[in-house]
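Each chain, written out:
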Amino acid sequence: MARKKIALIGAGNIGGELASLVARNELGDVVLFDIPEKEGVAKGKALDLEQNGAILGVDAKITGSSNWADCAGADVVIITAGVPRKPGMSRDDLLSVNLKIIRNVGENLKKHCPDAFVIVVSNPLDVMVYELKRITGFPAKKVVGMAGVLDSARLQLFLAQAVGVSVKDVRALVLGGHGDTMVPILSNTTINGIPVKQLVAADKLNAIIERTRTGGGEIVKLMGTSAFAAPATSAIAMATAYLKDQKRLLACAAYLDGEYGYKDLYMGVPIVIGAGGVEKIVNVELTSEEKAMLDKSAGAVREVLEASRKL
Ligand code: APR
């Protein structure tokens, strides 16, 4: 069987990390794509990572390029093209700049990668992934956004630290839009099956939720730019689920056509990813408080979506 081809659109911080993970996990060959002004960076990172692979003993061809033809026929496309946040910015502040970029990427994907499973990482996430699907006309099951895996991981870490247990034993689900209105589903969050509310006091839990919601911003404030290790690992978990038909149940931004009561919207919900792409949108029973928070989050996503329609 020929190796899979993974096109990474954007060869910046997350793009480089993605290329490294694809190679280390031998998921396939990589095309690290960026705009012509950054072709040198893409090519340089590709060479460095290929040489890194020689030390690690992994077989992966990594090519840097600014030519869309090199991405042709990709099995998976991960999009990080766009500008990241600077301190003080919200994800929504990136809308006008990144919308132009995602439209350009969409037009090219339509032409060169019509059969790919597409994972969008660029922010503001829920609107970027909606726009990508709209421009390409790709089926909803082949276009998803990465946010919930990362937000859930942040919550898992903070809970593990609070309880003093391994992160391996914490299961958490964060749904809704990828912003300050994201919704941790505490009714389903457990430490190896034990409801988290039994193990963490309410005030501590509230502080952890707040830290999760602003977890991306906390890093932007410290580094002056967005996180890149955990976002890349999250997107790779999704890509791996597709390439290896793992049927993983993950929180991702998926196209909603009536599920959870929302129509024509991308937002974080639990989905099953396998060889068919989004094989299922899983309906989780929510408390009335959680549903109210999800409504609020959907409203916030819709507001940015409306703004994008005027741009
Ligand atoms: N096509 C391809 N690449 C592009 C395009 C385009 N039209 N426009 C910009 N890029 C490239 C930039 O040249 C840059 O190399 O996207 C890359 C983005 O890299 P970084 O600036 O390092 O940003 P990064 O931290 O990787 O984040 C990318 O993901 O999480 C989100 O909020 C984050 O929107 C941001 C995106």
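Rules of the game
Residues numbered from 1 in each chain as written. Predicted model: local features only at pLDDT ≥ 70, side-chain atom pairs only at ≥ 80, totals over all residues. Heavy atoms only, no water. 1 Å grid on protein atoms, 1.4 Å probe; cavity = no way out; pocket = protein on both sides within 12 Å on 5 of 7 lines; lining within 4 Å. Points joined across faces, edges and corners; volume = space filled by probe spheres on them. Helix = DSSP H or I, 4+ residues; strand = E, 2+ residues; numbered from the N terminus. Nonpolar A, V, L, I, M, F, W, Y, C, P; charged D, E, K, R; others polar. Domains from an automatic or database assignment. Buried < 20%, exposed > 50% of the residue type's maximum accessible area, 1.4 Å probe, protein only. Contact = heavy atoms within 4.5 Å. Buried area = accessible area lost by both parts, 1.4 Å probe. Salt bridge = Lys/Arg side-chain N within 4 Å of Asp/Glu carboxyl O. Axes fitted to C-alpha atoms, helices over the stretch in contact; angles between N-to-C directions. Left-handed = near helix turned anticlockwise from the far one by under 90°. Phe/Tyr/Trp six-rings, centres within 6.5 Å; stacked < 30°, edge-to-face > 60°. Lys NZ or Arg CZ within 6 Å of the ring centre and 35° of its normal. Near = heavy atom within 4 Å. Polar contact = N/O pair within 3.5 Å; in protein donor to acceptor, adjacent residues only side chain to side chain. Areas by Shrake-Rupley, 256 points an atom, 1.4 Å probe, with all protein chains shown as cover. Sits in = over half its atoms within 2 Å of the grid points. Expected span 1.5 Å × (residues − 1). Arc of directions from axis to C-beta.

## Here's the deal with the layout of surface pockets
Quantified by volume, the largest pocket comes out at close to 800 Å³. Lining the largest pocket are 42 residues, and of these T80, A81, G82, V83 and P84 sit closest to its centre. Mapped onto the lining of the largest pocket, the elements with two or more residues apiece are α1 (13–24), α2 (39–56), α3 (95–112), α5 (148–163) and α7 (215–223). No other element matches α3, which puts 4 residues into the lining of the largest pocket. A per-class count over the lining of the largest pocket returns 21 nonpolar, 15 polar and 6 charged. Mapped onto the domain boundaries, the lining of the largest pocket takes at least three residues apiece from domain 1 (5–145) and domain 2 (148–308).

## Comments concerning the environment of M89
You can see M89 is positioned in the loop between β4 (76–79) and α3. Overall, M89 belongs to the partly exposed group, its relative accessible area being 29%. Remark: the alpha-carbon pair of M89 and Y266, spanning 177 residues in sequence, is separated by 22 Å.

## Description of the domain arrangement of the protein chain
The domain architecture assigned to the protein chain consists of domain 1 (5–145) and domain 2 (148–308). Taken over C-alpha atoms, the centre of domain 1 sits 22 Å from the centre of domain 2. Facing the 38 residues of domain 1 at the interface are 44 residues of domain 2. Carbon and sulfur atoms make up 70% of the surface buried where domain 1 meets domain 2, a total of about 3300 Å² over both sides. Counting across the interface, domain 1 meets domain 2 through 0 salt bridges.

## With respect to the packing of α5 against helix α6 (residues 202–213)
Between α5 and α6, whose axes approach to 9 Å, the crossing angle comes to 145°. Judged by the twist between their axes, the crossing of α5 over α6 is right-handed. Mapping the contact onto sequence places D151, R154, L155, F158, L159, Q161 and A162 in α5 and K204, L205, I208, R211 and T212 in α6.

## A short note on the packing of aromatic side chains
Taken as a whole and assessed by the stated rule, the structure comprises 3 aromatic pairs. Ring centres of F33 and W68 lie 4.3 Å apart, and the angle between their planes is 40°; this geometry places the pair in the tilted category. Within this pair, whereas F33 is found in strand β2 (residues 29–33), its partner W68 is found in the loop between β3 (62–65) and β4, the two being separated by 35 residues in sequence. W68 shares its class with F33; the two are buried. For K133, the ring lying beneath its charged end belongs to Y255, and the centroid distance is 4.4 Å.

## Looking at the site of the ligand
Every one of the 22 residues lining the ligand counts as a neighbour, but N13, I14, D34, T80 and N123 are closest to it. G82 is positioned such that a nitrogen or oxygen atom in its backbone is 3.3 Å from an oxygen atom of the ligand. Between the ligand and N123, the relevant distance is 3.0 Å, taken from an oxygen atom to a side-chain nitrogen or oxygen of the residue. For the ligand, whose accessible area on its own is 730 Å², the fraction buried by protein is 88%. If you map the ligand onto the pockets, it falls in the largest pocket. Elements supplying a minimum of two residues to the shell around the ligand: α1 and α3.

## Digging into empty space enclosed by the protein
Scanning all chains against the criterion turns up 2 cavities of 30 Å³ or more. In this model, the largest cavity occupies a volume close to 40 Å³. Listed by contribution, the elements that provide at least two residues to the lining of the largest cavity are α5 and β8 (174–175). Taken as a whole, the second largest cavity encloses approximately 30 Å³ of empty space. Taken together, S20, A23, R24, L49, N52, G53, L56 and V58 make up the full set of residues lining the second largest cavity.

## So, helix α9 (residues 288–309)
One full turn of an α-helix is made of 3.6 residues, so residues set three or four places apart face in the same direction. Counted at 1.5 Å a residue, the expected span for α9 with its 22 residues is 32 Å, and the 31 Å between its end C-alpha atoms agrees. Of all the positions in α9, only E290, L294, S297, A298, V301, V304, L305 and S308 are classed as buried. All buried residues of α9 lie within an arc of 120° about the axis, which places them on one face of the element. Facing away from the buried side of α9, by more than 90 degrees, are the exposed residues S288, E289, K296 and E303. For α9, the elements touching its buried residues are α3, α4 (125–136), β8, β9 (183–184) and β13 (263–274).

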